[in-house]
Each structure stands twice: as C-alpha cells, then as structure tokens.
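# Architecture at a glance
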Amino acid sequence: MTTRADGIEGYAHLWQAPAGRYRWVLWTTAEETMVFDKEINCPEGIDEPALSEVVRRMREAGVPETDAYPGRSCGQGRSDRL
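So, here is what we can say about the structure in this document. Keep in mind that what you see is a predicted model, and the values were worked out from it rather than measured.

## Quick look at the pairing of strand 2 (residues 33-37)
The buried fraction of strand 2 is high, at 5 of 5 residues. Of the two faces of strand 2, the one carrying Thr33, Val35 and Asp37 and the one carrying Met34 and Phe36 are both buried. Bridge count for strand 1 (residues 24-28) against strand 2 is 5 bridges, and the pairing is antiparallel. Bridge pairing in strand 2 links Val25 to Phe36. The hairpin formed by strand 1 and strand 2 contains 4 residues between the paired strands. Sheet topology note: the strand 2/strand 3 (residues 42-43) ladder contains 2 bridges and is antiparallel. Within strand 3, the residue paired with Phe36 across the bridge is Pro43. In this structure, the hairpin formed by strand 2 and strand 3 is closed by a connection of 4 residues, where Asn41 is found at a positive phi of approximately 60 degrees.

Criteria and cut-off values
Residue positions within a chain follow its written sequence, with the count starting from 1. Owing to the predicted nature of the model, reporting of local features is limited to residues with pLDDT of at least 70; listing and counting of side-chain atom pairs is limited to 80 or more, with chain, interface and lining totals taken over all residues. Values reported for side chains reflect all heavy atoms of the structure, with hydrogen atoms and water molecules removed beforehand. Burial classes follow relative accessibility: with a 1.4 Å probe on protein chains only, a residue under 20% of its type's maximum area counts as buried, one over 50% as exposed, and anything between as partly exposed. Numbered from the N terminus, helices here are DSSP runs of H or I no shorter than four residues, and strands are runs of E no shorter than two. Each pair of strands is called paired provided DSSP finds at least two bridges between the two strands.

Structure (structure tokens):
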C-alpha cells in the first residue's frame, strides 16, 4: 500500500538542490501557486492532495518563487534561452 509520505517523496526532485540553475520554480498567480517547469515551459502536474506539501517543501528548500510568468515567450525555443 502506498502511503501519503511515499507519494510526496515521488516529488522530491522538485525541491532537491540542482547542480546548476533551477528547472522548477514556484509561480504564484492571483488564483493559485503552481510548480512551473522552465525546461518544458509549462506547469508541472502535481496531484492536488500533495500540492500543498510539495510547495511547502520547495519553499523550505529555497526554490525560487515569482508572481511574474517564469517561462519563455511562446515561439522561443529552448536553445534561444540558453
């Protein structure tokens, strides 16, 4: 049986210190806070029951947080931003 703790640990890569720049950031909009994947330029899918704990752990780990759109402009490729 999978416990809630096991489910949360499945997201541990989101708050572990990166070797370089952060791939994931916390993006806070007027409606919600979400985990944004800067590499693929879209929000990361996180199960709703786990989201608040994932966000808490990411904040505790010092993951960057912004209220501005953290991704690249539409039409701008990954190589354009490197």
